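Coordinate analysis (summary)
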Amino acid sequence: MSEPRRTAGRDDTVPTRPQPIAQNTDAGLHQAVTPGSEPRLVKLIVNGKDCTVMVEPRTTLLVALREELGLTGTKKGCDRGECGACTVHIEGRRVLSCMTLAAMQDGKRVTTIEGLERDGKLHSVQAEFIEHDGFQCGFCTSGQIMSAVAMIDEAKAGWPSAATADVRKPFAPADLSHTEIRERMSGNLCRCACYPNIVDAVAEAVERS
Amino acid sequence: MHPFALSRADDAAQAIAAHSQDPHLVFIAGGTDLIGLIKDRATLPEHLLDINHLPGLASIEARPDGGLHIGALAHMSDVAAHIEVRRRFPVIAEALLFAASGQLRNMATIGGNIMQRTRCAYFRDEDDVPCNKRRPGSGCSALHGLNRNHAVFGWSDACVATHPSDLAVALAAMDAVVIVRGPTGQRSISFTDFHRLPGSTPERDNVLERGDLIVAMEVPTRPEGRASHYLKVRDRQSYEFALVSVAAGVATDNGRIRSARLALGGVAHKPWRLTAAEAALRDASLDDSDALKSAIAESFADARPLAHNAFKVELAQRAALRALQTAGTRI
């Protein structure tokens, strides 16, 4: 990783000094478990790369990704767990990076929108968002895509949703109707209201996956 | 965000001791409610203790007797997806699936879910308006303010807030038990006794004492479990808290109700069991809507709506009828 880039701060931007990326041999990596409100080093595996960030306990994972690691594809919308713009994957599961502390994710594998493509080839969900014009301003798009990628895995694992008629029966990915997709994607808001195209993009990605 | 210290607990005894000794320490698990409360300055803890690494508290067990044991650190999404939870107690799976969003359900834990604080907009107001729950003795802004989303049962002049958890409503209906470990050992709290009414001390949501750690929920085997349903009525179809919700379960003999379980969400400071209605429903036919309706009405004699939420009294009765009948189709 290169020297972290700085981005324009918001009201709760945590003041931290630019931190050279430490090697993972540092015994201080386990400072995240020590009491105190002082900054500490936290190790994250972001998009397959080992990273170390210096954060305060109150630093959210979102702020650490954007402002310490320069991964600004993940967006800060409401910063209250209501809009879904900050959706990333932790250990393969979709979560809201604004509602968890970076220091609580020490040692975890994090995937952001920057980590979806493989060998310069877009993930099928990314490609379908372009194909179906699933965005206008694009602010919610990275969260929508991260959410959709993990949601498809949840459906493949047989998870039901609030739109599932009978939760007592096993859920098959073939049951992933437009209504199901809408319900499962309801944690991602789009102020441009591109919902019909987003649902079409996700449905197409499901079909192709 | 307000600064705080953060440390991590690796065993339950250590966590309980730390919580007993430090009045400014709070446990953090999923953090989906607590982080929001801190950002809104509704709570300003000095010390967070991360309990996510406590061993053995995340299991979901389908007991041979038909009951469930759900560890406090199990995530909402895992419990909702568990096939035996879905088969034995569809009301529990549905209550979880109708709550929050896919992302939040992957983060939030079962113990944290029942510890959620009210969504009363005055309680969460960043400008720190009068709220007895937030600042005891400061008054209740909702009592004579905007109270469309507030309680119709069991409120006091000190607080008219409702409890936001959907899961809690389902667990209350199914006679679940909260297993708590504290400084003096482990105890069981009947779910209907876990949350409390506001009275003159609305700052206390439940009966937990300092040093208490929720370790599990146990759901006993119940004849009403399999034929159960959760109905949630809200302003938006998805990703919204309840105006009114109903957890219903029913067991029958030849089409007549042998026993029924009904609890409401969105109407009180705790899940609101309709015990009078449950008694009146016995021997009624599930096909006799009029009989079911009058039995349910037995539990609404003591409803006390506020200026803006009288609609909840009628809405809750209709929702209870529909939830009961839907549960009945699962027999």
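Residues numbered from 1 in each chain as written. Chains lettered and ligands numbered in written order. Predicted model: local features only at pLDDT ≥ 70, side-chain atom pairs only at ≥ 80, totals over all residues.

**Side note on the interface of chain A and chain B**
Taken together, the contacts link 36 residues of chain A with 30 residues of chain B. Top contributing element to the side of chain A that touches chain B by residue count: strand β4 (residues 93–96) of chain A, with four residues. The residue inventory of the side of chain A that touches chain B, partitioned by class, reads 14 nonpolar, eleven polar and eleven charged. (Contact = placed C-beta atoms within 7 Å. Helix = DSSP H or I, 4+ residues; strand = E, 2+ residues; numbered from the N terminus. Nonpolar A, V, L, I, M, F, W, Y, C, P; charged D, E, K, R; others polar.)

**Some words on the pairing of strand β2 (residues 25–28) of chain B**
All names here are of chain B. Across four bridges, β2 lies against strand β3 (residues 47–50) in parallel orientation. Its bridge partner being in β3, Ile-28 is matched across the sheet by Asp-50. Since β2 and β3 lie parallel, the crossover through helix α2 (residues 34–39) that links them has a hand, and here it is right-handed. (Pairing = 2+ DSSP bridges. Right-handed = clockwise from strand over helix to strand, strands pointing away.)

**So, the nonpolar core**
Formed by 170 residues in total, the largest nonpolar core has its most connected members in Ala-95, Ala-170 and Ala-320 of chain B. It is helix α3 (residues 141–156) of chain A that provides the largest number of residues to this core, a total of eight residues. In this structure Ala-95 of chain B touches Asp-166, Leu-167, Val-169, Ala-170, Tyr-230 and Ala-247 of chain B, once residues within four positions along its chain are discounted. (Core = buried A, V, L, I, M, F, W, Y, C linked by C-beta atoms within 7 Å. Buried ≥ 20, exposed ≤ 12 C-beta atoms within 10 Å, placed from the backbone.)

**Comments concerning α3 of chain A**
Residues and elements named next belong to chain A. Between its first and last C-alpha, α3 extends 23 Å over 16 residues, near the 22 Å set by a 1.5 Å rise per residue. Burial analysis of α3 places 14 of its 16 residues in the buried class, which makes it a mostly covered element. Positive backbone phi, approximately 90 degrees, marks Gly-158, located one or two places after α3. (Expected span 1.5 Å × (residues − 1).)

**Structural notes on unusual backbone geometry**
What you tend to see is this: most non-glycine residues have negative phi, and most peptide bonds are trans. Within the chain, Asp-119 of chain A stands out as a residue other than glycine whose phi angle is a positive 50 degrees. Here Asp-119 of chain A is to be found in the loop between β5 (109–111) and α2 (124–131). If you check the backbone angles, Tyr-239 of chain B has positive phi at about 55 degrees while not being a glycine. Following the sequence through the fold, Tyr-239 of chain B ends up in the loop between β9 (228–233) and β10 (244–253). Its 21 C-beta neighbours within 10 Å are what place Tyr-239 of chain B among the buried residues.

**Remarks on the domain arrangement of chain A**
All names here are of chain A. Partitioning chain A into structural domains gives domain 1 (27–114) and domain 2 (124–208). Contacts between domain 1 and domain 2 engage 13 residues on the former and twelve residues on the latter. For the side of domain 1 that touches domain 2, the leading source of residues is strand β3 (residues 87–90), giving three residues. (Domains from an automatic or database assignment.)

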